[in-house]
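Read off the chains here:
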Amino acid sequence: MKRSQVKEKLRFRYDDIDKIPTLVAAIKKEIKAACPKLVLDNSRPFRVHWRGYDDDNVYIVVDTHHDIPPMTNDYYDNREKVLVAIAKAAKQNGMKFALPSKISLKETVRIVEGQTGGFELLSPNGAGDEEKTSRPTSINRTNYGDIR
């Protein structure tokens, strides 16, 4: 049987750094309880480890393997079980996921207050001048939705 993998990078706030070791153990426990087809015979890794620090968070990597074929309904049902187990462990330990503190724009723009109270994005037109873009008044924040 083919095996599947569920791997997630979890970002948590620096305010909760003292709770990380307890959270790691709780995530392992919850995943083991929720996923009967979890591979635990050491033929594939089952890892939940605090892996590092980023500018705005500390992060844990969860790496699980299951005796379930990938890309099937059973796989997605199992993936959901892993995610619910993670959320349950985080909630039980009073942890909050870190929100990103940085935004990245796909192009260089200058934001100016518009005459109607909204904002306008000004973009270089290639000749050193700026021209108004036809974009809406929100900025697309990579992977995190819109800033309004």
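As shown above, the structure is provided for reference.
Residues numbered from 1 in each chain as written. Predicted model: local features only at pLDDT ≥ 70, side-chain atom pairs only at ≥ 80, totals over all residues. Heavy atoms only, no water.

### Focus: the environment of Phe46
Rules: By the criteria applied, helices consist of DSSP H or I runs no shorter than four residues and strands consist of E runs no shorter than two, each listed in order from the N terminus. For every residue, the accessible area obtained with a 1.4 Å probe (protein chains only) is divided by the maximum for its type, and the residue is called buried under 20%, exposed over 50%, and partly exposed between those limits. Note on definitions: a residue-residue contact is assigned when non-hydrogen atoms from the two residues lie within 4.5 Å.
Tracing the backbone shows Phe46 in the loop between α1 (20-34) and β2 (47-53). Residue classification places Phe46 among the buried residues on the basis of a relative accessible area of 18%. Put simply, Phe46 and Val6 are 40 residues apart on the chain and 10.0 Å apart in space, counted from C-alpha to C-alpha. Among residues more than four places away in sequence, those in contact with Phe46 are Lys28, Ile31, Lys32, Leu38, Val39, Leu40, Asp63 and Thr64.

### Here we look at the side chain of Ser4
As a reminder of what qualifies: Between N or O atoms, a polar contact is any pair within 3.5 Å; within protein, one atom must be a potential hydrogen donor and the other a potential acceptor, and residues adjacent in sequence are included only when both atoms are from side chains.
When you line up the elements, Ser4 lands in strand β1 (residues 4-12). Ser4 gets classed as buried once you look at its relative accessible area, which sits at 3%. One polar contact links the side chain of Ser4 to the main-chain carbonyl oxygen of Ile68, over a distance of 3.0 Å.

### Focus: the nonpolar core
To keep it simple, the criterion reads: Take the buried residues of types Ala, Val, Leu, Ile, Met, Phe, Trp, Tyr and Cys, join any two whose side-chain atoms come within 4.5 Å, and each joined set is a nonpolar core.
In terms of nonpolar packing, the biggest core is built from 24 residues, with Phe12, Leu23, Ile27, Ile31, Ile60 and Val62 touching the most fellow members. Mapped onto this core, the elements with two or more residues apiece are β1, α1, β3 (58-66) and α2 (73-92).

### So, the environment of Leu99
Residue position: Leu99 is located in the loop between α2 and β4 (110-113). Given the relative accessible area of 73%, Leu99 is considered exposed. Sequence spacing of Leu99 and Asp56 is 43 residues, and the spatial spacing of their C-alpha atoms is 8.1 Å.

### A few points about the sheet that holds β3
The line we're drawing: DSSP-based pairing: two strands are paired if at least 2 bridges between them are found. Only the stretch in contact is used when fitting a helix axis, every axis being a line fitted to C-alpha atoms; angles between N-to-C directions are given from 0 to 180 degrees.
Spatially, three strands are ordered β1-β3-β2 in an open sheet, and the strand pairing comes out antiparallel. Only two strands of the sheet have a single neighbouring strand rather than two, namely β1 and β2. Ignoring which end each strand starts from, the neighbouring axes of this sheet average 20 degrees apart.

### A word on the packing of aromatic side chains
To be explicit about the condition: What counts as a ring pair is set by centres within 6.5 Å for rings of Phe, Tyr and Trp (its six-membered ring), and what kind of pair is set by the plane angle: stacked under 30 degrees, edge-to-face over 60, tilted for all other angles.
Following the criterion strictly, the structure yields four aromatic pairs and no others. Ring centres of Tyr14 and Tyr53 lie 6.2 Å apart, and the angle between their planes is 10 degrees; on these two criteria the pair is classed as stacked. Separated by 39 residues along the polypeptide, Tyr14 in the loop between β1 and α1 and Tyr53 in strand β2 bring together distant segments of the chain. Looking at Tyr14, the relative accessible area reads 35%, which means it is partly exposed. Members of the aromatic cluster, each reached through a chain of ring pairs, are Tyr14, Trp50 and Tyr53.

### What to know about unusual backbone geometry
The phi dihedral of Asn42 falls on the positive side, at around 70 degrees, and the residue is not glycine. Examined against the element boundaries, Asn42 turns out to sit in the loop between α1 and β2. Given the relative accessible area of 75%, Asn42 is considered exposed. The phi dihedral of Met71 is positive, around 60 degrees, even though this residue is not glycine. With respect to the element layout, Met71 can be found in the loop between β3 and α2.

### Regarding a nonpolar patch on the surface
What counts is decided by this rule: Patches in this entry comprise residues that are over 30% relatively accessible and not in a salt bridge; like charges within 9 Å are linked, as are nonpolar side chains (Val, Leu, Ile, Met, Phe, Trp, Tyr) within 5 Å. Where accessible areas are quoted, they stem from the Shrake-Rupley method and a 1.4 Å probe; at the residue level, only the protein chains shown are allowed to cover. Definition used for salt bridges: Asp or Glu carboxyl oxygen within 4 Å of a side-chain nitrogen of Lys or Arg.
On the surface, Tyr14, Trp50 and Tyr53 cluster together into a nonpolar patch covering about 320 Å² of accessible area. For Trp50, a relative accessible area of 32% puts it in the partly exposed group.

Geometric values such as these leave the question of function open.
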